[in-house]
Protein chains: 4
Amino acid sequence: MARRVDINCDMGESFGVYTLGHDAEVIRWITSANVACGFHAGDPTVMDRTVRLAREHGVGIGAHMGFPDLRGFGRRPMHVDTEDLINDIVYQIGALAAFCRRHGLSLQHTKSHGSMNNMADHDRRVAEAIVEAGLAVAPDVPALVKPGTPLHEIAEARGAPFVLEVYADRAYHRDLSLVSRKVPGAVISDPEEIADRVARMVIDGKVTTIEGDDVDIQAESICVHGDTKGALDIVKAVRTRLEQEGVEVAPLGTWWRAARR
Amino acid sequence: MARRVDINCDMGESFGVYTLGHDAEVIRWITSANVACGFHAGDPTVMDRTVRLAREHGVGIGAHMGFPDLRGFGRRPMHVDTEDLINDIVYQIGALAAFCRRHGLSLQHTKSHGSMNNMADHDRRVAEAIVEAGLAVAPDVPALVKPGTPLHEIAEARGAPFVLEVYADRAYHRDLSLVSRKVPGAVISDPEEIADRVARMVIDGKVTTIEGDDVDIQAESICVHGDTKGALDIVKAVRTRLEQEGVEVAPLGTWWRAARR
Amino acid sequence: MARRVDINCDMGESFGVYTLGHDAEVIRWITSANVACGFHAGDPTVMDRTVRLAREHGVGIGAHMGFPDLRGFGRRPMHVDTEDLINDIVYQIGALAAFCRRHGLSLQHTKSHGSMNNMADHDRRVAEAIVEAGLAVAPDVPALVKPGTPLHEIAEARGAPFVLEVYADRAYHRDLSLVSRKVPGAVISDPEEIADRVARMVIDGKVTTIEGDDVDIQAESICVHGDTKGALDIVKAVRTRLEQEGVEVAPLGTWWRAARR
Amino acid sequence: MARRVDINCDMGESFGVYTLGHDAEVIRWITSANVACGFHAGDPTVMDRTVRLAREHGVGIGAHMGFPDLRGFGRRPMHVDTEDLINDIVYQIGALAAFCRRHGLSLQHTKSHGSMNNMADHDRRVAEAIVEAGLAVAPDVPALVKPGTPLHEIAEARGAPFVLEVYADRAYHRDLSLVSRKVPGAVISDPEEIADRVARMVIDGKVTTIEGDDVDIQAESICVHGDTKGALDIVKAVRTRLEQEGVEVAPLGTWWRAARR
């Protein structure tokens, strides 16, 4: 099975005088940063500093596109019509790509954030807009997608590049959908249990669902969080375990194309 | 003297349900569009539509970067510190460049808007930030600069590309600074008088100042306005006169590099 | 039946340099203005000028509360949680009330705008938040409500003041819900037909539904539009007809309390 | 000299998911809260919670009005024209007053924030706008003013209520202007030294300037900070010392009117 994986985490979510997250610590343990683009979080200076920080640590840079809702941190469902949604994503990707260019880098990946990302799990219109926007301005840049979702299917059908992403600390249903956070057991908090699950997903391609079955799952990038101290312990446990098991942990940009052949 | 010139106009200043300007008409008479980037005006869908419109008319596309002040339309002086100013400009250029890419075009030029542009006439810090940001992400894309301003001097000193811009309807002082709008005679409104002045600036390289002297001026791009019906008459008069005089009116992107040799 | 009615219209929807609507003309024909409060449209100076204009014309002033979405003009459905929704409404009512106070007036009514208003037609949580916010800061100020909606029911159940509002140019279903704009015949455009319908709703308390039945409807305030030239013709036709029929057209603030006894 | 004083501190500066300050701790040591009104910081829910918190602790509530610049936290100089400035202040005062009303309180005071407050130290136009706005919507609510500034003078000249405010941790010039933060010694950091200075200002009406002279100063409210842990130590030291010296520390709303007689 896979002996190589990426670890991605949201970054650059500060805004003006407001600081969020522990980017300077978390960056040492991950390989890809999902950088907020100023719509749900982040501002141009935060973006610049985050890209700089990622470059210093050899971490790949992704555009983390969200709804235009700083107050709600992009977590509030909004009905944005298709034209606006595509254009909002094009805009955000372009803005972040400029900071990559400034620092001599290329955009590595894209990932939709928060409510936009959740909507793309079940609303094909939203998923299509995300794929369309990516093809329009960054056709060679893979999107992070959850296996089996409309976003995954549409990207595949349209020949858009993508990388399969699993969540380190979330329980799965049999169809690989995430268990709602409202359900007990949906979020796993013990770092060692999480590390066990991640290692099994990456190495064996299996996960035990909340229903108790073992199902197949393909993990090319592991999504971790960095916004709490506990989260940092999880990131460390995941990375340490993967390396102990002989898995190469590397930015997806360094290997995903080869993996497609 | 010059037998070739560009005509630039601000475009894409609508926002959401709010419409501003007469872009669909003005675009037929100009050769370069300064497209608002969502900070002082414009939104991603307006940007997309404006780039599309410009492409249909063979009009070159410029990033029109402004202060983050939709309410004040970027016309209010703001003290933005240097790091933020550079990053705000990088962000805006990147965002607009993405829409150019989407439509198979390249960014042709940049121009700072409103209060940012005015500040760059006398505040070297602001002018330096504009040049720095341009070099950082679009080093081959010329900035529109007023002759003799700090922006002109700094661009030249740092080897940043630029194109010399004159204002069709504004009176000049001897040092080529614009006469303040508060001074009687600062703004010229008669289309034929404006056409005369523009033709003389372009063809003879001369302008009569408000003090009554003739001074040398170099006009590579003519700035016109499109926000009023009267403005449209001026644009038509300027373009018609230039063509009658045998001046080639063409997007600066098609000729400025050759003109530098 | 009723010999007295109010005519309300959205006003103060301009923002910064952006102008929307024909307030100065429409104000002459209406009796109540729903003034945008800076969330979906309007800004403090627009609010101040609109309140001043309304005072000059003896027009009652209402707070028109919307979602925080200038780009989408408050027409995009957003999931705002209950605490935020209540507070956003409190905030907007308070801001507008300050301009009333400045000009020696009292807030006459409240009305939710756009998507918030539509959601309150079927989402009891939203309707409850609107009623709760009104009771919290303006317990004596009536809300405009559509007859038979959750907003109407909840206001009544909680003892919150309200005024029944009908739409001049919209078709109704039997249950007094508005016919979706997507359905042919949903929007009526002929001024005389509209005037006929409005007069019948006000004087006879009857409306013919899109299904062809006559149903009872109570009209205390007529909602008209002012954003197009055609709209202005409708406003004139409605007001003229009502006055011809001997209906007193007056700001709801002058009579609604007496009407409740 | 004075045996009664108020201690004010900025509060409610969080926004959405972003937390700023240590309000829940600082509130226990102060008597007046300057509550951000959503322009430079704060949002409606933060405002509501802050007013509630202040009420629980018997702390007076003030509107802390700032420039519309969340990104710059209201600290960036902006040229807002007079009409807009007055209206922005009216709007903010009205919005906060609504939350006071919701919780059965009255607005106790107003204070301009950040760059607006600094500009009012030397720009009479800004100071006049602040006074004008206060008189327009809250004529009985005192503004916090620095002794000897245009804001102080204009408030006095126009008969607008005000309370004299001194800064606990800042050095003064002979004319009672604050020493620029760029000058060494401008900010005092030792809690005991600060407590000494404050006690002397309050009790003896004297302060030693950075030039080394003793000058008269009248202190009705002490401005302290709450955004760092060190700041909290200062607040505690100031309050403890004042109480040890027998000074009554009480919200200005409870005594300022009587003090004027």
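Residues numbered from 1 in each chain as written. Chains lettered and ligands numbered in written order. Predicted model: local features only at pLDDT ≥ 70, side-chain atom pairs only at ≥ 80, totals over all residues. Heavy atoms only, no water.

**A closer look at the overall build of chain A**
Consideration 1: A count of helical and extended segments in chain A gives 9 helices and 10 strands.
Consideration 2: Here chain A has a C-alpha radius of gyration of 17 Å; the compact-globule value for 261 residues is 18 Å, and the two agree.
Consideration 3: Taken over the C-alpha atoms alone, chain A extends approximately 40 × 40 × 35 Å along its principal axes.
Consideration 4: When burial is assessed residue by residue, chain A has 62% of its 261 residues classed as buried.
Consideration 5: The long-range share in chain A, meaning contacts at least 24 apart out of those at least 6 apart in sequence, stands at 74%.
Consideration 6: If you sum the accessible surface of chain A, you get close to 9600 Å²; carbon and sulfur atoms cover 49% of it.
Consideration 7: Distance between charge centroids for chain A: 3 Å, based on 30 positive and 38 negative side chains. (Helix = DSSP H or I, 4+ residues; strand = E, 2+ residues; numbered from the N terminus. Rg over C-alpha atoms; globule rule 2.2 N^0.38 Å. Buried < 20%, exposed > 50% of the residue type's maximum accessible area, 1.4 Å probe, protein only. Contact = heavy atoms within 4.5 Å. Areas by Shrake-Rupley, 256 points an atom, 1.4 Å probe, with all protein chains shown as cover. Lys, Arg positive; Asp, Glu negative; His and termini not counted. Charge placed at Lys NZ, Arg CZ, Asp CG, Glu CD.)

**Notes on the interface of chain B and chain A**
Consideration 1: Each side of the interface is counted separately: chain B has 23 residues, and chain A has 23 residues.
Consideration 2: Buried area between chain B and chain A, summed over both chains or domains, comes out near 2000 Å², and the portion from carbon and sulfur atoms is 53%.
Consideration 3: Interface area lost by chain B to chain A is led by N87(B), Y91(B) and R102(B), which between them contribute 31%.
Consideration 4: At the boundary of chain B and chain A, one finds 2 salt bridges.
Consideration 5: Put simply, E83(A) and R49(B) hold a salt bridge, and the shortest N to O gap is 2.7 Å.
Consideration 6: Applying the counting criterion to the chain B and chain A interface returns 12 residue pairs in polar contact (both at pLDDT 80 or more). (Buried area = accessible area lost by both parts, 1.4 Å probe. Salt bridge = Lys/Arg side-chain N within 4 Å of Asp/Glu carboxyl O. Polar contact = N/O pair within 3.5 Å; in protein donor to acceptor, adjacent residues only side chain to side chain.)

**Looking at the packing of aromatic side chains**
The geometry of an aromatic ring pair is captured by the separation of the ring centres together with the interplanar angle, meaning the angle of the planes.
Consideration 1: Counting across every chain of the model gives 12 aromatic pairs over all chains.
Consideration 2: Taking 5.5 Å as the distance between ring centres and 55 degrees as the angle between the ring planes, the aromatic pair formed by F39(C) and Y91(C) counts as tilted. Remark: Y91(C) occurs in helix α3 (residues 82–102) and F39(C) occurs in the loop between β2 (32–36) and α2 (44–56); sequence separation between them is 52 residues.
Consideration 3: A relative accessible area of 11% means that F39(C) is categorised as buried.
Consideration 4: Sitting above the plane of the F162(B) ring, R260(B) keeps its charged end 5.5 Å from the centroid. (Phe/Tyr/Trp six-rings, centres within 6.5 Å; stacked < 30°, edge-to-face > 60°. Lys NZ or Arg CZ within 6 Å of the ring centre and 35° of its normal.)

**Side note on the interface of chain D and chain C**
Consideration 1: Counting residues at the interface gives 24 residues for chain D and 23 residues for chain C.
Consideration 2: Surface buried jointly by chain D and chain C totals about 2100 Å² across both partners, of which 53% is contributed by carbon and sulfur atoms.
Consideration 3: On the chain D side of the contact with chain C, N87(D), Y91(D) and R102(D) bury the most area, a combined 31% of that side's loss.
Consideration 4: Linking chain D with chain C are 2 salt bridges.
Consideration 5: Looking at the side of chain D that touches chain C residue by residue, the class counts come to 12 nonpolar, 4 polar and 8 charged. (Nonpolar A, V, L, I, M, F, W, Y, C, P; charged D, E, K, R; others polar.)

**Focus: the packing of α2(C) against helix α3 (residues 82–102) of chain D**
Consideration 1: Between α2(C) and α3(D), whose axes approach to 8 Å, the crossing angle comes to 90 degrees. In this view, α2(C) runs roughly perpendicular relative to α3(D), as classed from their interaxial angle. Between α2(C) and α3(D), the residues in contact are P44(C), T45(C), M47(C), D48(C) and R49(C) and E83(D), D84(D), N87(D), D88(D) and Y91(D), respectively.
Consideration 2: A breakdown of the residues in the contact of α2(C) with α3(D) according to their chemical character gives 3 nonpolar, 2 polar and 5 charged. (Axes fitted to C-alpha atoms, helices over the stretch in contact; angles between N-to-C directions. Parallel < 35°, antiparallel > 145°, perpendicular 65-115°, else oblique.)

**Description of the pattern of salt bridges**
Where charged atoms from two side chains of opposite charge approach closely, those side chains can pair.
Consideration 1: One pass over the full model with this rule turns up 76 salt bridges over all chains.
Consideration 2: One salt bridge connects D84(B) with R71(D), and the closest N-O pair in it is separated by 3.7 Å. Taken together, the residues span two chains, with D84(B) in helix α3 (residues 82–102) and R71(D) in the loop between β3 (60–65) and α3. Each member of the pair D84(B) and R71(D) is classed as buried.
Consideration 3: For the salt bridge of D196(B) with R241(B), the shortest nitrogen-to-oxygen distance reads 2.3 Å.

**Some points on α3(B)**
Residues and elements named next belong to chain B.
Consideration 1: With 21 residues, α3 ought to run about 30 Å at 1.5 Å a step, and its terminal C-alpha atoms sit 31 Å apart, in line with that.
Consideration 2: Most of α3 sits out of view: 17 of its 21 residues are buried.
Consideration 3: Positive backbone phi, approximately 70 degrees, marks G104, located one or two places after α3. (Expected span 1.5 Å × (residues − 1).)

**Describing the relation of the copies chain B and chain A**
Copy one and copy two of the chain differ by a rotation about a common axis and a shift along it.
Consideration 1: Relative to chain A, chain B is turned by 180 degrees and slid 0.0 Å along the rotation axis, the superposed coordinates differing by an RMSD of 0.0 Å. Here the transformation between the copies is reduced to the relation of a two-fold axis.
Consideration 2: Mapped onto chain A, 100% of the interface residues of chain B are again interface residues, and the two copies thus contact each other with one and the same surface. (Least-squares fit on C-alpha atoms with pLDDT ≥ 70 in both.)

**Some details on empty space enclosed by the protein**
Any empty space left between the atoms is revealed when a probe the size of a water molecule rolls over them.
Consideration 1: All chains considered together, the criterion is met by 8 cavities of 30 Å³ or more.
Consideration 2: As a volume, the largest cavity reaches approximately 1800 Å³.
Consideration 3: Lining of the largest cavity is provided by 50 residues; of these, L70(A), F15(B), L70(B), L70(C) and L70(D) occupy positions nearest its centre.
Consideration 4: Here the lining of the largest cavity is composed, by residue class, of 26 nonpolar, 8 polar and 16 charged. (1 Å grid on protein atoms, 1.4 Å probe; cavity = no way out; pocket = protein on both sides within 12 Å on 5 of 7 lines; lining within 4 Å. Points joined across faces, edges and corners; volume = space filled by probe spheres on them.)

**Observations concerning the environment of P139(C)**
Residues and elements named next belong to chain C.
Consideration 1: Take P139: it is sitting in the loop between α5 (124–137) and β5 (143–145).
Consideration 2: Sequence spacing of P139 and A160 is 21 residues, and the spatial spacing of their C-alpha atoms is 6.7 Å.
Consideration 3: When near neighbours in sequence (up to four residues on either side) are disregarded, P139 contacts G134 and P161.

**With respect to unusual backbone geometry**
Consideration 1: Positive phi values are uncommon outside glycine, yet L176(C) reaches one of about 70 degrees.
Consideration 2: Considering the arrangement of structural elements, one finds L176(C) in the loop between β6 (162–167) and α7 (191–204).
Consideration 3: Positive phi outside glycine occurs at F73(D), with the angle close to 55 degrees.

**Notes on helix α6 (residues 150–158) of chain A**
Consideration 1: Those residues of α6(A) that fall on the buried side of the exposure criterion are P150(A), L151(A), H152(A), I154(A) and A155(A).
Consideration 2: A positive backbone phi angle near 70 degrees is found at G159(A), which sits one or two residues after α6(A).

**Observations regarding the side chain of R241(C)**
Residues and elements named next belong to chain C.
Consideration 1: Looking at the element boundaries, R241 is found in helix α8 (residues 229–244).
Consideration 2: By relative accessible area, R241 is classed as buried at 14%.
Consideration 3: In this structure the side chain of R241 is engaged in a polar contact, spanning 2.7 Å, whose partner is the side chain of E192.
Consideration 4: Excluding its chain neighbours within four sequence positions, the residues that come into contact with R241 are E192, A195, D196 and A199.

**Focus: the confidence of the model for chain A**
Consideration 1: Mean pLDDT for chain A: 96, with 99% of residues reaching 70 or above.
Consideration 2: Overall fold confidence (pTM) sits at 0.97, and the ipTM for the predicted complex is 0.96. (pLDDT = per-residue confidence, 0-100.)

**Let's talk about the pairing of β2(C)**
Residues and elements named next belong to chain C.
Consideration 1: For β2, the buried fraction is high: 5 of the 5 residues fall into the buried class.
Consideration 2: Of the two faces of β2, the one lined by S32, N34 and A36 and the one lined by A33 and V35 are each fully buried.
Consideration 3: Relative to β2, strand β1 (residues 4–11) runs parallel, the two being bridged by 4 bridges. What sits directly across from M11, in β2, is V35.
Consideration 4: In this region the chain leaves β2, passes through α2 and returns to the parallel neighbour strand β3 (residues 60–65); the handedness of that crossover is right-handed. (Pairing = 2+ DSSP bridges. Right-handed = clockwise from strand over helix to strand, strands pointing away.)

**Concerning the environment of F73(D)**
Consideration 1: Counting through the fold element by element, F73(D) comes out in the loop between β3 and α3.
Consideration 2: Note: C-alpha distance between F73(D) and M116(D) (43 residues apart in sequence) is 11 Å.
Consideration 3: Not counting residues up to four positions away in its chain, the partners in contact with F73(D) are V17(A), Y18(A), E13(D), L20(D), H40(D), A41(D) and H113(D).

**Things to note about the state of the cysteines**
Residues and elements named next belong to chain B.
Consideration 1: The tally for this structure, following the rule as stated, stands at 0 disulfides over all chains.
Consideration 2: With no disulfide of its own, C37 lies closest to C100 among cysteine sulfurs, the gap being 9.2 Å.
Consideration 3: Lacking any disulfide linkage, C223 is separated from the closest cysteine sulfur, that of C9, by 7.0 Å. (Disulfide = S-S within 2.5 Å.)

**Considering the environment of H64(C)**
Residues and elements named next belong to chain C.
Consideration 1: As for its position among the elements, H64 is in strand β3.
Consideration 2: Expressed as a C-alpha distance, the spacing of H64 and E220, which sit 156 residues apart in the sequence, is 18 Å.
Consideration 3: With residues up to four places along the chain from it excluded, the contact list for H64 reads D10, E13, N34, V35, A36, C37, H40, Q92, K111, S112 and H113.

**Comments concerning the pairing of strand β6 (residues 162–167) of chain D**
Residues and elements named next belong to chain D.
Consideration 1: Counting buried positions over the 6 residues of β6 gives 6, a clear majority of the element.
Consideration 2: Burial along β6 is two-sided: the residues F162, L164 and V166 and V163, E165 and Y167 are all buried.
Consideration 3: Direction of pairing for strand β5 (residues 143–145) relative to β6: parallel, over a ladder of 3 bridges. Counted as the bridge partner of L144 is V163 from β6.
Consideration 4: Direction of pairing for β6 relative to strand β9 (residues 221–224): parallel, over a ladder of 3 bridges. Across the sheet, Y167 pairs through a bridge with C223, a residue of β9.

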